[in-house]
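Listed below are the residues making up each chain.
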Amino acid sequence: QVTLVESGGDLVQPGGSLRLSCLARGNINNAISMSWHRQAPGKTREMVAFIGGSSGDTAYADAVKGRFTISRDHVKNTVYLQMNNLLLDDTAVYYCKVDLRLTPWRHEDYWGQGTQVTVSS
């Protein structure tokens with residue numbers, strides 16, 4: 001069983017920065033991938049950043065490319081999302097997800113509870 005706890009959301013002015021953290025309680029050594037998603041009011045949830053579990057390869061949504069950076073600390077069992085040059089459109093609830101391989105033929109997604117990021121002047 002894995003529990004994900006996000007933190008770091010806050011109210012920030014346009015152009016500001018935040019770092020979100022996602023602490024995994026449980027073993028995520030067999031993670032296929034870890035990712036950050038966001039959902040703004042009235043919109044569907046979208047993935048903003050992805051990191052491969054073993055490769056460490058990263059990918060980003062076009063809207064955040066060059067401004068957001070996803071990273072992972074294996075020792076702290078934590079995934080981070082560094083967000084720079086924040087825009088009004090970045091306002092959303094941000095969620096962490098881990099796609100965990102449970103057996104060679106079965107995997108399962110785990111989600112955190114979300115953390116609110118509000119960009120406003």
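Each remark here, short or long, concerns the structure printed above.
Residues numbered from 1 in each chain as written. Predicted model: local features only at pLDDT ≥ 70, side-chain atom pairs only at ≥ 80, totals over all residues. Heavy atoms only, no water.

Student: Sorry if this is basic, but what is going on with the state of the cysteines here?
Tutor: Cysteine pairs can be covalently joined through their sulfur atoms, and such a bond is termed a disulfide. Counted according to the given criterion, the structure contains one disulfide. The disulfide partner of Cys22 is Cys96, and the S-S distance across this bridge is 2.2 Å. Since a negative S-S torsion denotes a left-handed disulfide, the Cys22-Cys96 link at about -80° is left-handed. Taken together, the residues Cys22 in strand S3 (residues 18-25) and Cys96 in strand S9 (residues 92-103) connect sequence positions 74 residues apart. Classification of Cys22 as buried rests on a relative accessible area of 1%. (Disulfide = S-S within 2.5 Å. Helix = DSSP H or I, 4+ residues; strand = E, 2+ residues; numbered from the N terminus. Buried < 20%, exposed > 50% of the residue type's maximum accessible area, 1.4 Å probe, protein only.)

Student: How should I be thinking about the pattern of salt bridges in this particular structure?
Tutor: Opposite charge on two side chains lets them pair, provided their charged atoms get close. As enumerated under the stated definition, the model contains six salt bridges in all. The residue Arg67 makes a salt bridge to Asp90 at a minimum N-O spacing of 2.7 Å. Placement of the pair is Arg67 in the loop between strand S6 (58-60) and strand S7 (68-73) and Asp90 in the loop between strand S8 (78-83) and S9, with a sequence separation of 23 residues. A salt bridge links Arg106 to Glu108, with the nearest nitrogen and oxygen atoms 3.1 Å apart. (Salt bridge = Lys/Arg side-chain N within 4 Å of Asp/Glu carboxyl O.)

Student: Would you mind showing me how to read the sheet that holds S7 here?
Tutor: To summarise the sheet geometry, strands pair through backbone hydrogen bonds and adopt either a parallel or an antiparallel arrangement. Reading across from one edge, S1-S3-S8-S7 is the order of the four strands in this open sheet, with antiparallel pairing throughout. Here the strands that pair on one side only, and so sit at the sheet edges, are strand S1 (3-7) and S7. Ignoring strand direction, the axes of neighbouring strands in this sheet form an average angle of 15°. Here S3 pairs with S8 via six bridges, running antiparallel. By the bridge assignment for S8, Ser21 is matched with Tyr80. (Pairing = 2+ DSSP bridges. Axes fitted to C-alpha atoms, helices over the stretch in contact; angles between N-to-C directions.)

Student: Would you explain the pairing of strand S5 (residues 46-52) in this entry?
Tutor: The side chains of a regular strand alternate between the sheet's two faces. Note: strand S4 (residues 31-39) against S5, six bridges, orientation antiparallel. When the bridges of S5 are listed, Met34 appears paired with Ile51. With three bridges connecting them, S5 and S6 associate as antiparallel partners. Within S6, the residue paired with Phe50 across the bridge is Ala59. Linkage of S5 to S6, two consecutive antiparallel strands, is achieved through a turn of five residues, within which Gly56 is found at a positive phi near 75°.

Student: For this particular structure, what's the right way to read the environment of Asp99?
Tutor: Note on placement: Asp99 falls in strand S9. Expressed as a C-alpha distance, the spacing of Asp99 and Gly53, which sit 46 residues apart in the sequence, is 8.7 Å. Residue contacts for Asp99: discarding those within four places in its chain leaves Asn30, Ala31, Ile32, Ser33, His107, Glu108 and Asp109. At 2.8 Å, the side chain of Asp99 and the side chain of His107 are in polar contact. (Contact = heavy atoms within 4.5 Å. Polar contact = N/O pair within 3.5 Å; in protein donor to acceptor, adjacent residues only side chain to side chain.)

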